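Each chain is listed here by its residues.
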Amino acid sequence: MSLRYTMKILVVEDELLIQKTIVTLLKRKGVEVMSTASGKEAIELIKTNNYDRIICDLMLQDITGFDIIEESKTKYNEAEISNIFYIITAYSSEQIVERASLYGCKVIQKPFDDINNFINEVTVEE
């Protein structure tokens, strides 16, 4: 009897329609998903769980996605951060792209060109 590995993803998004859409599509792919609208709650979840991917809105009501990355540095090294974190944002600027590149994380523009392609990209094992 073989055990099947299930990818585990955290979705941090305070726009509930976007959060529910991402969560639903990930679950359809057989992914274990946790979600929250709070950046501070996300930090606590990251401390107590291991995730294969963290999809995080850049601008949350309580903190930013980059703050969550900073707080996660005690758990994940730079290589892990660049493989795990996806920042999603409706705001595109040189500063955002530059800061994301410093972390090595991927930036996905909202609204999504093709949300199914995004889901496929996130669930591909490295």
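Okay, so let's go over this structure. Remember, predicted model here, so these are calculated numbers, not experimental data.

Parameters and conventions
- Residues numbered from 1 in each chain as written.
- Predicted model: local features only at pLDDT ≥ 70, side-chain atom pairs only at ≥ 80, totals over all residues.
- Heavy atoms only, no water.
- Buried < 20%, exposed > 50% of the residue type's maximum accessible area, 1.4 Å probe, protein only.
- Helix = DSSP H or I, 4+ residues; strand = E, 2+ residues; numbered from the N terminus.
- Pairing = 2+ DSSP bridges.
- Right-handed = clockwise from strand over helix to strand, strands pointing away.
- Axes fitted to C-alpha atoms, helices over the stretch in contact; angles between N-to-C directions.
- Contact = heavy atoms within 4.5 Å.
- Core = buried A, V, L, I, M, F, W, Y, C linked by side-chain atoms within 4.5 Å.

Observations regarding the pairing of strand 1 (residues 8-12)
Two faces, one strand: in a regular strand the side chains alternate between the faces of the sheet.
Right, so step 1: Most of strand 1 sits inside the fold, with 5 of its 5 residues counted as buried.
Right, so step 2: With burial as the criterion, each face of strand 1 is covered, one bearing Lys8, Leu10 and Val12 and the other bearing Ile9 and Val11.
Right, so step 3: Sheet analysis places strand 1 next to strand 2 (residues 32-36), joined by 5 bridges and oriented parallel. Of the residues in strand 2, the one forming a bridge with Val11 is Ser35.
Right, so step 4: Remark: the strand 1/helix 1 (residues 16-28)/strand 2 crossover connection has right-handed handedness.
Right, so step 5: Relative to strand 3 (residues 53-57), strand 1 is paired through 4 bridges, and the arrangement is parallel.

Section: the sheet that holds strand 1
Sheets are built from strands paired through backbone hydrogen bonds, the pairs being either parallel or antiparallel.
Right, so step 1: The strand order across the open sheet formed by 5 strands is 2-1-3-4-5, and the pairing between neighbours is parallel. Every interior strand has two partners, whereas the edge strands, strand 2 and strand 5 (106-109), have only one. Each neighbouring strand pair of the sheet contributes to a mean axis angle of 20 degrees, computed without reference to strand direction.
Right, so step 2: In the packing of helix 1 onto the sheet, the strands contacted are strand 1, strand 2, strand 3 and strand 4 (85-89), and the crossing angle to strand 2 comes to about 170 degrees.
Right, so step 3: Contacts from helix 2 (residues 39-48) reach strand 1, strand 2, strand 3 and strand 4, with the element oriented near 160 degrees to strand 1.

A few points about the nonpolar core
Right, so step 1: In this structure, Ile54, Phe66, Ile68 and Phe85 are the most contacted members of the largest nonpolar core, which totals 24 residues.
Right, so step 2: Those elements that provide at least two residues to this core are strand 1, helix 2, strand 3, helix 3 (65-72), helix 4 (78-84), strand 4 and helix 5 (94-103).
Right, so step 3: Per-element accounting of this core gives the leading share, 4 residues, to helix 2.
Right, so step 4: Those residues in contact with Phe85 that sit more than four places away from it in its chain are Ile46, Ile54, Ile68, Ile69, Ser72, Cys105 and Lys106.
Right, so step 5: Judged by nonpolar contacts, the second largest core, of 18 residues, contains Val11, Leu25, Ile55 and Ile108.

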